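# Understanding the architecture of this molecule
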Amino acid sequence: MAKKPKEKQANARLFIDSLLYKRISTELTEHRKKIGLSVKRLSLISGVTVTTIKYFESSRENGKGFSVGTVAGLIKAMKLDPIKVLPSHGGLIVDFPPKLTASKVKLLLQSTDNLKTFKPQILDLIRSLTDVARVVKPDVDAALAVFTAEETYNVAPQNSLESLITFGRRLRSLRILKDWSRADLANTAGVALGSIFVIEAGMQNPSLQTLYQLAEALNVHPAFFIRYDEVAANQQIDLERRAASMIAGDQISQVSDLLATLEYIRRTTRPSDALNDTNTN
């Protein structure tokens, strides 16, 4: 997939001469003053530091970029509608599919409960796989592999802003539903591949322009990633369920490959191999 330079994307026009940064900074600063909030008070209710708020408000004049975490925290604290604060990126926007029916959700949850019972065996399988891999990859670490699996299983990272965790989860779900790899999204959005990894993990606070690039690539309104209302929360749940279903489908072929690999090893292993190896030594 050819990489699309961010300068060629529809949202780029919003950031010419930092216009969008200046506009949002001006709107939110004026609103803060209108409702009688001091910077210190806004900091207390938003979790955004006083220094960061002052930096954000200075963008009215200098147009310096600010992060998703900052604007999301301020919008939520002042009870504003992100859709009204953030303009559309100007590219194609695709409607979300109708939510899964109750019967499909019930089936999904039942199947998930069945799958959870296999978690101990799956971790044992990872340990066994590292033993097999160590034959030609001696540096494979079973403990690290299990730790990584556990960390992936426990999705929410520590020490991350709630808005960034939400952003990452919604981003990953939409990417999976498009059947895109992280590289596909990186190329389409014009964002570094490494950034996609850490944003999805909720461990990076990207710029507002990066938010717009990702939203345009995925054909959604930028506000979707930071909306905190019930509608957005329900859409997120539905998207994550769909993403889980797609991931499960992709794993079937991998399990089949695993079984084929085990059979290959069994068919090519002969009792005489051990004796021959001893004689060689």
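Placed above this text is the structure.
To keep things clear, this report deals only with the structure shown in the data block. Just so you know, these numbers come straight off a predicted model, no measurement behind them. Starting afresh in each chain, residues are numbered from 1 along the sequence in its written order. Totals for whole chains, interfaces and linings use all residues, but because this is a predicted model, local features are given only for residues with pLDDT of at least 70 and pairs of side-chain atoms are given and counted only at 80 or more. For side-chain calculations, the full set of non-hydrogen atoms in the structure is used, while hydrogens and water are omitted.

### Some points on the overall build of the protein
When helices and strands are counted, the protein shows 14 helices and zero strands. Strands here mean DSSP runs of E at least two residues long; helices mean DSSP runs of H or I at least four residues long; both are numbered from the N terminus. Traced from its N-terminal end to its C-terminal end, the protein shows the element sequence α-α-α-α-α-α-α-α-α-α-α-α-α-α. Between buried and exposed lies partly exposed: a residue is buried under 20% and exposed over 50% of the maximum accessible area for its type, with that area taken using a 1.4 Å probe on protein chains only. Here the protein, with 281 residues, has 35% of them falling under the buried criterion. The contact definition used throughout considers only heavy atoms, calling two residues in contact when any of these lie within 4.5 Å. Long-range pairs, those at least 24 residues apart, make up 76% of the contacts in the protein between residues at least 6 apart in sequence.

### Concerning unusual backbone geometry
Positive phi, close to 55 degrees, is recorded for D17, a residue that is not glycine. Considering the arrangement of structural elements, one finds D17 in the segment before α1 (19-34). Its relative accessible area of 60% is what places D17 among the exposed residues. Backbone geometry at N219 places phi at a positive 60 degrees, although glycine is not the residue there. Mapped onto the fold, N219 is located in the loop between α12 (208-217) and α13 (230-268). N219 gets classed as buried once you look at its relative accessible area, which sits at 13%.

### Some words on the packing of aromatic side chains
Centres within 6.5 Å are what make two rings of Phe, Tyr or Trp a pair, Trp counting through its six-membered ring; a difference in plane orientation under 30 degrees is then read as stacked, over 60 as edge-to-face, and the rest as tilted. Across all of its chains, the model carries seven aromatic pairs by this definition. Between the aromatic rings of F167 and F225, the centroid separation amounts to 5.0 Å while the plane-to-plane angle is 55 degrees, which identifies the pairing as tilted. Of this pair, F167 sits in helix α9 (residues 162-177) while F225 sits in the loop between α12 and α13; the two residues are 58 residues apart in sequence, bridging distant segments of the chain. Taken together, F15, Y21, F56, F66 and Y212 form an aromatic cluster joined through their ring pairs.

### Things to note about the pattern of salt bridges
Put simply, a salt bridge is a Lys or Arg side-chain nitrogen that is within 4 Å of an Asp or Glu carboxyl oxygen. In total, this model carries eight salt bridges according to the counting rule given. Residue E200 is joined to R175 by a salt bridge in which the shortest nitrogen-to-oxygen separation is 2.6 Å. Separated by 25 residues along the polypeptide, E200 in helix α11 (residues 193-200) and R175 in helix α9 bring together distant segments of the chain. As far as the burial class goes, E200 and R175 line up, both buried.

### Observations concerning α13
Since there are 3.6 residues in each turn of an α-helix, residues three or four apart along the chain are aligned in direction. A helix is expected to span 1.5 Å for every residue after the first. Helix length check: α13 (39 residues) gives 57 Å between terminal C-alpha atoms against 57 Å at 1.5 Å per residue, within 8%. Along α13, the positions that sit buried rather than exposed are A232, Q235, Q236, D238, L239, R242, A243 and L258. In this fold, the buried residues of α13 make contact with α7 (119-133) and α9.

### Topic: the packing of helix α10 (residues 182-189) against α12
Note on geometry: axes are lines fitted to C-alpha atoms, helical ones only across the stretch in contact, with angles between N-to-C directions running from 0 to 180 degrees. Taken N-terminus to C-terminus, the directions of α10 and α12 make an angle of 110 degrees; their axes are 9 Å apart at the nearest point. Here α10 lies roughly perpendicular to α12, going by the angle between them. Taken together, the residues of α12 that come into contact with α10 (itself represented by L185, T188 and A189) are Q213, L214 and A217. The residue classification treats Ala, Val, Leu, Ile, Met, Phe, Trp, Tyr, Cys and Pro as nonpolar and Asp, Glu, Lys and Arg as charged. All others, Gly included, are polar. Residues that form the contact of α10 with α12 fall into these classes: four nonpolar, two polar and no charged. Should an angle fall under 35 degrees it is taken as roughly parallel, and over 145 as roughly antiparallel, whereas 65 to 115 is taken as roughly perpendicular and any remaining angle as oblique.

### Considering the nonpolar core
Soluble globular proteins: nonpolar side chains tend toward being buried together. Core analysis: the largest hydrophobic core is formed by 46 residues, its most contacted members being I24, L28, L86, L185, L208, L214 and F225. Only α1, α2 (39-46), α3 (50-62), α4 (68-77), α9, α10, α11 and α12 provide two or more residues apiece to this core. Other than its neighbours up to four places away in sequence, I24 contacts F56, F66, V71, V85, L86 and L208. Here, nonpolar core refers to any group of buried Ala, Val, Leu, Ile, Met, Phe, Trp, Tyr and Cys residues whose side-chain atoms link them within 4.5 Å.

### Let's talk about the side chain of R227
Note on placement: R227 falls in the loop between α12 and α13. Residue class for R227 comes out buried when judged on its relative accessible area of 16%. A distance of 2.8 Å separates polar atoms of two side chains, one belonging to R227 and the other to D229. In this structure R227 touches P82, I83, R170, A232 and Q235, once residues within four positions along its chain are discounted. Under this definition, polar contacts are N or O atom pairs within 3.5 Å; protein pairs additionally need one hydrogen-donor-capable and one acceptor-capable atom, and for neighbouring residues in sequence, both atoms have to be side-chain atoms.

### Here's the deal with a nonpolar patch on the surface
Each patch groups residues whose relative accessible area exceeds 30% and which form no salt bridge, using 9 Å between like charges and 5 Å between nonpolar side chains of Val, Leu, Ile, Met, Phe, Trp and Tyr. For the area figures, the Shrake-Rupley method with a 1.4 Å probe applies, and any residue is considered shielded solely by the protein chains shown. Together, L115, F118 and I122 make up an exposed nonpolar region whose accessible area comes to about 300 Å². Within the element layout of this structure, I122 appears in helix α7. Using a relative accessible area of 40% as the deciding quantity, one classes I122 as partly exposed.

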